[in-house]
Each structure stands twice: as structure tokens, then as C-alpha cells.
Amino acid sequence: MSDADFAHTDRAEKNRRDKALGLARFAWHRGITGAELLAMTDDNRRRLARAADAHPPRSMETWTLVASLLCEKSAWAQTHPDHPSAARDHLDERIMWVKPPTRSWLD
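Residues numbered from 1 in each chain as written. Predicted model: local features only at pLDDT ≥ 70, side-chain atom pairs only at ≥ 80, totals over all residues. Heavy atoms only, no water.

S.K.: Help me understand the pattern of salt bridges, please; the structure alone is not making it clear to me.
M.R.: Opposite charge on two side chains lets them pair, provided their charged atoms get close. One pass over the full model with this rule turns up 7 salt bridges. A salt bridge links Lys14 to Asp18; the shortest N-O distance between them is 2.6 Å. On the criterion of helical spacing, the pair formed by Lys14 and Asp18 is a turn pair, its members being 4 residues apart in helix 1 (residues 10–29). The class for Lys14 is partly exposed, based on a relative accessible area of 45%. Residue Arg46 pairs with Asp43 through a salt bridge whose shortest N-O separation is 3.9 Å. Taken as a pair, Arg46 and Asp43 lie in helix 3 (residues 42–51) at a separation of 3 residues, close to a single helical turn. The class of Asp43 is partly exposed, set by a relative accessible area of 41%. (Salt bridge = Lys/Arg side-chain N within 4 Å of Asp/Glu carboxyl O. Helix = DSSP H or I, 4+ residues; strand = E, 2+ residues; numbered from the N terminus. Buried < 20%, exposed > 50% of the residue type's maximum accessible area, 1.4 Å probe, protein only.)

S.K.: What exactly am I supposed to notice about the nonpolar core here?
M.R.: One broad trend across soluble globular proteins is that nonpolar side chains are buried collectively. Counting residues in hydrophobic clusters, the biggest one holds 21 residues, and the most contacted among them are Leu23, Ile32, Leu37, Leu48 and Val66. When residues of this core are traced back to their parent elements, those giving at least two are helix 1, helix 3 and helix 4 (60–79). When residues of this core are assigned to their parent elements, the largest contribution, 6 residues, is made by helix 1. In contact with Leu48, other than residues within four places in its own chain, are Leu23, Phe26, Ile32, Leu37, Met40, Trp63 and Trp97. (Core = buried A, V, L, I, M, F, W, Y, C linked by side-chain atoms within 4.5 Å. Contact = heavy atoms within 4.5 Å.)

S.K.: Would you take a moment to explain the packing of aromatic side chains for this structure?
M.R.: Aromatic ring pairs are reported here in terms of the distance separating the ring centres and the angle at which the planes meet. All chains considered together, the criterion is met by 1 aromatic pair. Ring plane angle 75° and centroid distance 6.2 Å describe the contact between Phe26 and Trp97, whose orientation is recorded as edge-to-face. With Phe26 in helix 1 and Trp97 in helix 5 (residues 94–97), this pair connects stretches of sequence that are 71 residues apart. No difference in accessibility class separates Phe26 from Trp97, as the two residues are buried. Against the face of Phe26 rests Arg30, its NZ or CZ located 3.7 Å from the ring centre. We note Arg88 situated over the ring of Trp28; from NZ or CZ to the ring centre the distance is 3.4 Å. (Phe/Tyr/Trp six-rings, centres within 6.5 Å; stacked < 30°, edge-to-face > 60°. Lys NZ or Arg CZ within 6 Å of the ring centre and 35° of its normal.)

S.K.: How should helix 4 be read in this particular structure?
M.R.: Look at helix 4: 29 Å from first C-alpha to last across 20 residues, which is about the 28 Å you get at 1.5 Å a residue. Looking at helix 4, one finds that the buried residues are Thr62, Trp63, Val66, Ala67, Leu69, Leu70 and Ala77. When helix 4 is viewed along its axis, its buried side chains cluster within an angular range of 160° and face the same direction. Facing away from the buried side of helix 4, by more than 90 degrees, are the exposed residues Glu72, Gln78 and Thr79. Packed against the buried residues of helix 4 are helix 1, helix 2 (34–39) and helix 3. (Expected span 1.5 Å × (residues − 1). Arc of directions from axis to C-beta.)

So, in C-alpha cells, the structure goes:
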């Protein structure tokens, strides 16, 4: 029997990065930040992955990579605001994933 760690082979790392890139693109266009993604429940993250046409990741390792990619993209977009890749095409869908804080009617 082998003690091989198949989850951390070069092939697995490439597959994880490819999936994370797809999920990050989906989240980016909806205005979801890395912090908001990590604050979501597991169920919401699974729904998000399915909506992005991806099989939901089995571990937080992929989601952490997605959050990191979102932070990198955000920093890049701040320095390149006029670049077409900095645009977000589906901001109206953000409410489906990130709920605004509820306000008291007394406020």
C-alpha cells in the first residue's frame, strides 16, 4: 500500500487552480469579494459552484485559492479601472449570493 497524497500531485494542483479560476471569474462578475466568499455557508458555496457550472470543491483549499484570486483581481482592477477585464458584468446578481445587512426600522 502506498502513502501517496493524490490531492497534492502536480495534476491535482493544476485541476484545483483551473476550477478556482472558473469560480473566481463567476464570483468576480457578481461583485463577490474573497472575504464574502469565505464567510458564506458551505451550502451557499456549493450553490455558487453549481451556478458557475462547476462541481463543488470538496475542500476549503480550493475556496481559499478562489478568495486569493479575487483579492488579486481586485487589487489589479483598482490600478487598471479602464481595462475591459476590470468590468463586472452581472452585479445585479450579487444580491443572490451576498445579502446586505438588515437595517432596523428604527434607523
